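Listed here are the chains, written in short residue letters.
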Amino acid sequence: MEDLTRQKIVHDYAAAWQTLVTALEQNRAELLNDYFTGFAKKEFMRTITEQAGIGIHRHYVDQGHKLEALFYSPDGGVIQLQDNAEYEVQIFDGAKLLHSEKITARFLVLMTPTADRWVVRLLQDVPAS
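Residues numbered from 1 in each chain as written. Predicted model: local features only at pLDDT ≥ 70, side-chain atom pairs only at ≥ 80, totals over all residues. Heavy atoms only, no water.

**Some points on the overall build of the protein**
Stage number 1. Helix and strand counts for the protein come out as 2 helices and 4 strands.
Stage number 2. Starting at the N terminus, the α and β elements of the protein follow one another as α-α-β-β-β-β.
Stage number 3. Along the longest, intermediate and shortest principal axes, the C-alpha atoms of the protein span 50 × 30 × 20 Å.
Stage number 4. Of all 129 residues assigned to the protein, the portion counted as buried reaches 36%.
Stage number 5. Relative to all contacts within the protein whose residues are 6 or more apart in sequence, the contacts with residues 24 or more apart total 52%.
Stage number 6. Here the protein displays about 7,500 Å² of accessible surface, and carbon together with sulfur accounts for 52% of that area. (Helix = DSSP H or I, 4+ residues; strand = E, 2+ residues; numbered from the N terminus. Buried < 20%, exposed > 50% of the residue type's maximum accessible area, 1.4 Å probe, protein only. Contact = heavy atoms within 4.5 Å. Areas by Shrake-Rupley, 256 points an atom, 1.4 Å probe, with all protein chains shown as cover.)

In structure tokens form, the structure reads like this:
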């Protein structure tokens, strides 16, 4: 993989996470349109709709990601990544903190290119091995 492609993927993945954090905090599913597609978009839209329906929102405090490329298709149409992430998730009802938890997670990520960016097609939590 070329360095420029690698840099663009890392940039777009970081932007996708920031978009997801904002969408979950503000209960605004339309924010997912820029960096999510397919299964990932459907799942996060469902999550946002559910949490908005019960009057909560989530706030994420990102503490770092370590990305590793597992597969890059020869035609450049998909990349599979593993993300070892650390973050804190806080669940609020209005301004009232209901729950806070520090999490270390491993995600399987599939990204595909569009005209001007890479988008997340799958962001699946996987058990640590």
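**A short note on helix α2 (residues 38-53)**
Stage number 1. Helix length check: α2 (16 residues) gives 23 Å between terminal C-alpha atoms against 22 Å at 1.5 Å per residue, within 8%.
Stage number 2. Here α2 has its buried residues at Ala40, Phe44, Ile48 and Gln51. Along the axis of α2, the buried residues cluster in a sector spanning 70°; they form a single face. Opposite the buried face of α2, at more than 90 degrees from it, the exposed residues are Lys42, Thr49 and Gly53.
Stage number 3. Tucked inside the fold, the buried residues of α2 contact α1 (3-26), β1 (56-72) and β4 (118-126). (Expected span 1.5 Å × (residues − 1). Arc of directions from axis to C-beta.)

**As for the nonpolar core**
Stage number 1. Of all hydrophobic cores here, the largest spans 29 residues; its most connected members are Phe36, Phe107, Val109, Met111, Val120 and Leu123.
Stage number 2. For this core, the secondary-structure elements that each account for two or more residues are α1, α2, β2 (79-93), β3 (96-113) and β4.
Stage number 3. Broken down by element, this core gets its largest block of residues, 9 residues, from α1.
Stage number 4. When near neighbours in sequence (up to four residues on either side) are disregarded, Phe36 contacts Ala16, Leu20, Lys41, Phe44, Val119 and Val120. (Core = buried A, V, L, I, M, F, W, Y, C linked by side-chain atoms within 4.5 Å.)

**Focus on the packing of aromatic side chains**
Stage number 1. For the structure shown, the criterion picks out 6 aromatic pairs.
Stage number 2. In this structure, Arg117 is placed above the aromatic ring of Tyr35, and the distance from its NZ or CZ to the ring centre is 4.7 Å. (Phe/Tyr/Trp six-rings, centres within 6.5 Å; stacked < 30°, edge-to-face > 60°. Lys NZ or Arg CZ within 6 Å of the ring centre and 35° of its normal.)

**Description of the packing of α1 against α2**
Stage number 1. Interaxial distance between α1 and α2 falls to 9 Å at its minimum, and their mutual angle equals 25°. With respect to each other, α1 and α2 are oriented roughly parallel. Touching Leu20, Ala23 and Leu24 of α1 are Phe44, Thr47, Ile48 and Gln51, all from α2.
Stage number 2. Each residue belonging to the contact of α1 with α2 can be placed in one class, and the counts come to 5 nonpolar, 2 polar and no charged. (Axes fitted to C-alpha atoms, helices over the stretch in contact; angles between N-to-C directions. Parallel < 35°, antiparallel > 145°, perpendicular 65-115°, else oblique. Nonpolar A, V, L, I, M, F, W, Y, C, P; charged D, E, K, R; others polar.)

**Considering the pattern of salt bridges**
Stage number 1. The full count for this structure, using the stated rule, is 5 salt bridges.
Stage number 2. For the salt bridge of Asp116 with Arg117, the shortest nitrogen-to-oxygen distance reads 3.4 Å.
Stage number 3. Counted as one network, the salt bridges with shared partners bring together Glu43, Arg46 and Glu50. (Salt bridge = Lys/Arg side-chain N within 4 Å of Asp/Glu carboxyl O.)

**A few points about unusual backbone geometry**
Stage number 1. Even without being glycine, Asn27 reaches a positive phi, approximately 55°.
Stage number 2. When you line up the elements, Asn27 lands in the loop between α1 and α2.

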